[in-house]
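# Report on the structure
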Amino acid sequence: MSGKTNNTLQIQKNTMSFEKLKQNRESAISKLVSAADTNTEKKNYGDDRLWKPTVDKAGNGYAVIRFLPAGAGEDLPWVRYWDHGFKGPTGRWYIERSLTSIGQQDPVSELNSQLWNTGRDEDKELARQRKRRLHHVSNILVVSDSANPQNEGKVFLYEYGKKIMDKIMDVMQPQFEDEKPVNPFDFWAGANFKLKIRQVEGYRNYDKSEFDSSSELYDGDETRLEETYNKLYKLSEFTDPENYKSYADLKRKMFEVLGEAEVASTMTTEQQVEMNTTKEAAPFKTAEANNDDTVATESNSESDEDTLSYFAKLASS
């Protein structure tokens, strides 16, 4: 008897599912298209904690974010590190954080110094292409993100370069008497940041980005402010030696990407012996870049001054 009852219930359940399928068939295509788009957008090989602005086909983008204060146990609301990102003649990418971020020797920086010291223009150009890139990381609240509204009201980590850091410093250290200093990281007296991205000469440009007038986040609602504060991510991991690959591992990767023959051809015997010295550090946990990855920069020349001064310092040491 119980077997017949179970069969009857299963038939009723299937009938209900079929009726639902029939009723919803008109919206099936749009749902499938939407799901496909969503799956495509969410394809991500990086860190889900990191927020990245979205740009359209023309390279333009807009969002409003709020820089957040330093978290518990941290002195600054940002941390900085350097990395190297370039494609070698082997067709492979080298995208790794530089050990110079934690005050240690780095094989790519050493090779760049040796290239710079040859005095040949072609070698200096190679060094420029493989130069260190400066990154800052802060906690932010996404206030408005029309391209990805699901991000609004959430706390993320945000990586940015020198151009945006300069704008932060400008509002903290105004140049004119009628301008009051603003701490953009402050909950109560900070300011929203209107991120405006344009494509200029093939590079992302942030010149039109600007801070809004000073305002209290959440109108000073301390309950919401404390909730946000408790969601801040630790920034110290970006400069923790435990999170960096060893000198030997980075050197091995560099040889694989550039091809050992190419590296050796630009170095004297003494330099090759120096490069073969193993300098150990701890491993860094990072995903390898895909072969079709490209590196986005803020401008074509914003870090050239840093590059020139860095290599000049290495050359004189």
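In this report, the structure presented in the accompanying data block is examined.

## Some words on the overall build of the chain
- Helix and strand counts for the chain come out as 10 helices and 8 strands.
- When the 317 residues of the chain are sorted by exposure, 38% land in the buried category.
- Excluding contacts between residues fewer than 6 apart, the proportion of contacts in the chain whose partners are at least 24 apart in sequence is 72%.
- Surface accessibility of the chain: about 19,000 Å² in total, with carbon and sulfur atoms responsible for 49%.

## Observations regarding the packing of aromatic side chains
- Taken as a whole and judged by the stated rule, the model has 12 aromatic pairs.
- Both rings, one in Phe67 and one in Phe193, keep their centres 5.8 Å apart while their planes meet at 55°; by these two values the pair is tilted. Here Phe67, found in strand S1 (residues 61-67), pairs with Phe193, found in strand S6 (residues 193-200); they are 126 residues apart in sequence, far enough to count as distant. Here Phe67 and Phe193 have matching classes, each one buried.
- Judged by centre distance (4.6 Å) and plane angle (50°), the ring pair of Phe193 and Phe211 falls under tilted. Here the residue Phe193 occupies a position in strand S6, and Phe211 occupies one in strand S8 (residues 210-211), the gap between them amounting to 18 residues.

The rules behind the values
Residues numbered from 1 in each chain as written. Predicted model: local features only at pLDDT ≥ 70, side-chain atom pairs only at ≥ 80, totals over all residues. Heavy atoms only, no water. Helix = DSSP H or I, 4+ residues; strand = E, 2+ residues; numbered from the N terminus. Buried < 20%, exposed > 50% of the residue type's maximum accessible area, 1.4 Å probe, protein only. Contact = heavy atoms within 4.5 Å. Areas by Shrake-Rupley, 256 points an atom, 1.4 Å probe, with all protein chains shown as cover. Phe/Tyr/Trp six-rings, centres within 6.5 Å; stacked < 30°, edge-to-face > 60°.

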